[in-house]
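Breakdown of the fold
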Amino acid sequence: MLDSSIWAKVPTASALSMTARKEYLPFGKPNFSDEEIEAVAKVLRSGWVGMGPETVAFEKELAQSLNVPHVVTVNSCTSALFLSLLVLGVKPGDEVICPSLTWCATANAALYLGAKPVFCEIDPDTLNVTTESVLAKVTARTKAVIVVHFGGLPVDVAHLRSQLPGSIAIVEDAAHAFGARFSDGKRVGASGNLTCFSFYANKNVSTGEGGAIALFDGALAERLQSLRQNALPINAWKRFTHSKTLLLSAELTELGYKMNYTDLQAAIGRVQLARQAEFGAIRLKIAKRYAERLKELAPSARMQKDCTHPYHARHLFTVQIPRKGSKMSRDEILLALRDWNVGATIHYAPLHTMPLYAGGGSPATLPLTEQVGNSIMTLPISASMSLKDADYVLAELKRLLN
């Protein structure tokens, strides 16, 4: 975890007779154009801002983009993960294997259902789980595995599926991975597993908030559509457009949730989806600039494997700061960059070290994850950045490391 007490040790821009950039450079900034603004205005003028025709259209366009038969939008990727585990039958007493180097929502989805998240190791080069690391944690109680496509680099889920018992489901946390492809060219989302996406403010497709589940099973898709809308057998848009339709509250058969998407968000998402080629090209240019120049640093900063590969979504660009040979610690470097208006951050502090997940006992030991967690840092990357922005980040990082 970042220790704020080290601020006093960090040299400021003024102390080094430097001029920091005037505007803060976030690690991930959405790229919105007049087209997104007009799309929102159109929805506002229509008088229908909840889940309706824009949401339906967005789901269809997402499905076409991913080459899957069904996409169900929800209010967040957290909800997508929770609902996925729910419809797969995860219940109290079950175990769900997942990496520790991830956002807390990945593990919390299991906790919400009374299940236990069981943390597995990652590969320090890919920052992803491996088949071997998952299999090492399988027990008789294992109900599901959540894999995280870290930063936008896909996990080999086909190999994992071939080695796991058929009774254990795989859910893909693709919050970082919209636009990524597997080695066979299939898009992440088209594996056949329930795959969960995020449309949060800093994601490759941004609608402020929101998420989606891509899947092939029509019956599960219908159940997810119901569960996101309080488990009603008919959604709000159909009630609005069919004047003789009643609420049908007498037909409720299970506990549902308020996790639906809205047309305001979907209108933005449809434009963002159409601009993905543009966004991807910008992210690739930034990543290539980072990768080229980071090789010149001494000590070198370790980059994620295949960070410039065409199949990587490049939601994040991470480096691991060497503990030996560097004048400053990772935390000191991060705080110095922020002082110069560079929004470097940490993805992530390992979950298994946190009291919530230890369950009152001793934390698990995951040496590779802990090694990465102590050294990893995220550099800014987004479709709103320029190469000049990237060069500024690189210059300041070089000044701190060399």
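Report on the accompanying structure. (Residues numbered from 1 in each chain as written. Predicted model: local features only at pLDDT ≥ 70, side-chain atom pairs only at ≥ 80, totals over all residues. Heavy atoms only, no water.)

**Details of helix H9 (residues 263-274)**
What counts, and what does not: A run of DSSP states H or I qualifies as a helix once it reaches four residues; a run of E qualifies as a strand once it reaches two. Both are numbered from the N-terminal end. Helix span is expected to be 1.5 Å times the residue number reduced by one. The buried label goes to any residue with under 20% of its type's maximum accessible area, the exposed label to any with over 50%, and the partly exposed label to all in between, with areas taken from a 1.4 Å probe on protein chains only.
Here H9 is twelve residues long and its end C-alpha atoms lie 17 Å apart, about the 16 Å a rise of 1.5 Å per residue gives. Taken together, the buried positions of H9 are Asp263, Gln265, Ala266, Ala267, Ile268, Gly269, Val271, Gln272 and Leu273.

**Some points on the pattern of salt bridges**
As a reminder of what qualifies: Here a salt bridge means any side-chain nitrogen of Lys or Arg lying within 4 Å of a carboxyl oxygen belonging to Asp or Glu.
For the structure on display, the rule yields 14 salt bridges. One salt bridge in this structure joins Glu59 and Arg228, with 2.8 Å as the shortest N-O distance. Residue Glu59 is found in helix H2 (residues 53-66), and its partner Arg228 is found in the loop between helix H7 (218-227) and helix H8 (236-241); the two are separated by 169 residues along the sequence. You can call Glu59 buried: its relative accessible area is 9%. Note that Arg289 is salt-bridged to Asp391, the shortest N-O span being 2.8 Å. Highlighted residues: Arg289 in helix H10 (residues 276-294) and Asp391 in helix H14 (residues 387-401), separated in sequence by 102 residues. Through salt bridges that share partners, Glu36, Arg275 and Glu278 make up one connected network.

**Examining unusual backbone geometry**
Note the cis peptide between His347 and Tyr348, where omega equals 5°. Mapped onto the elements of the fold, Tyr348 is located in the loop between helix H11 (330-339) and helix H12 (355-358). In the Ramachandran plot, Asp306 falls in the positive-phi region, its phi being about 60° despite a non-glycine side chain. With respect to the helices and strands, Asp306 occurs in the loop between strand E8 (302-303) and strand E9 (317-320). Classification of Asp306 by relative accessible area gives partly exposed; the value is 37%. Despite not being glycine, Asn341 shows a phi value in the positive range, around 65°. Considering the arrangement of structural elements, one finds Asn341 in the loop between H11 and H12.

**Quick notes on the sheet that holds strand E7 (residues 211-215)**
Rules: Note: two strands are recorded as paired if DSSP finds a minimum of 2 bridges between them. Angles shown run from 0 to 180 degrees and are taken between the N-to-C directions of axes, each axis being a line fitted to C-alpha atoms and, for helices, limited to the stretch in contact. Here, two residues are considered to be in contact whenever any of their heavy atoms come within 4.5 Å of each other.
Read from one edge to the other, the open sheet built from seven strands follows the order E1-E7-E6-E5-E4-E2-E3, with strand pairing classed as mixed. Strands with a single pairing partner mark the edges of an open sheet, and in this sheet they are strand E1 (70-74) and strand E3 (116-120). Averaged over all neighbouring strand pairs, the angle between strand axes comes to 25°, with direction disregarded. Contacting E1, strand E2 (95-99), strand E4 (142-148), strand E5 (169-173), strand E6 (194-198) and E7, helix H3 (residues 77-87) crosses the sheet at an angle of about 165° to E6. Strands E1, E6 and E7 of the sheet are contacted by H7, whose axis makes an angle of about 15° with E1.

**Digging into the packing of aromatic side chains**
Just so we agree on the cut-off: Within 6.5 Å between ring centres, the rings of Phe, Tyr and Trp (the latter by its six-membered ring) count as paired, and their orientation is classed by plane angle as stacked under 30 degrees, edge-to-face over 60, tilted in between.
Taken as a whole and judged by the stated rule, the model has ten aromatic pairs. Ring plane angle 55° and centroid distance 5.5 Å describe the contact between Phe58 and Phe199, whose orientation is recorded as tilted. Placement of the pair is Phe58 in helix H2 and Phe199 in the loop between E6 and E7, with a sequence separation of 141 residues. Among the residues examined, Phe199 registers a relative accessible area of 1% and is labelled buried.

**Some words on the pairing of E5**
The line we're drawing: For the handedness criterion, the strands are oriented away from the viewer, and a crossover whose path from the first strand over the helix to the second runs clockwise is classed as right-handed.
Counting buried residues in E5 gives five out of five residues, a clear majority hidden from the surface. Judged by which residues are buried, E5 turns out to be covered on both faces: Ala169, Val171 and Asp173 on one side and Ile170 and Glu172 on the other are all buried. As paired strands, E4 and E5 are joined by five bridges and run parallel to one another. Bridge pairing in E5 links Ala144 to Ala169. Following the backbone out of E4, through helix H6 (residues 157-163) and into the adjacent parallel E5, one traces a crossover that is right-handed. Bridging between E5 and E6 involves three bridges; their strand directions are parallel. The residue bridging Glu172 from the neighbouring strand is Thr195, located in E6.

**Description of the state of the cysteines**
Heads up, the condition is: The disulfide criterion is simple: two cysteine sulfur atoms within 2.5 Å.
According to the stated counting rule, one finds zero disulfides in the structure shown. Cys120 provides the cysteine sulfur closest to Cys98, a residue in no disulfide bond, and the two sulfurs are 7.0 Å apart.

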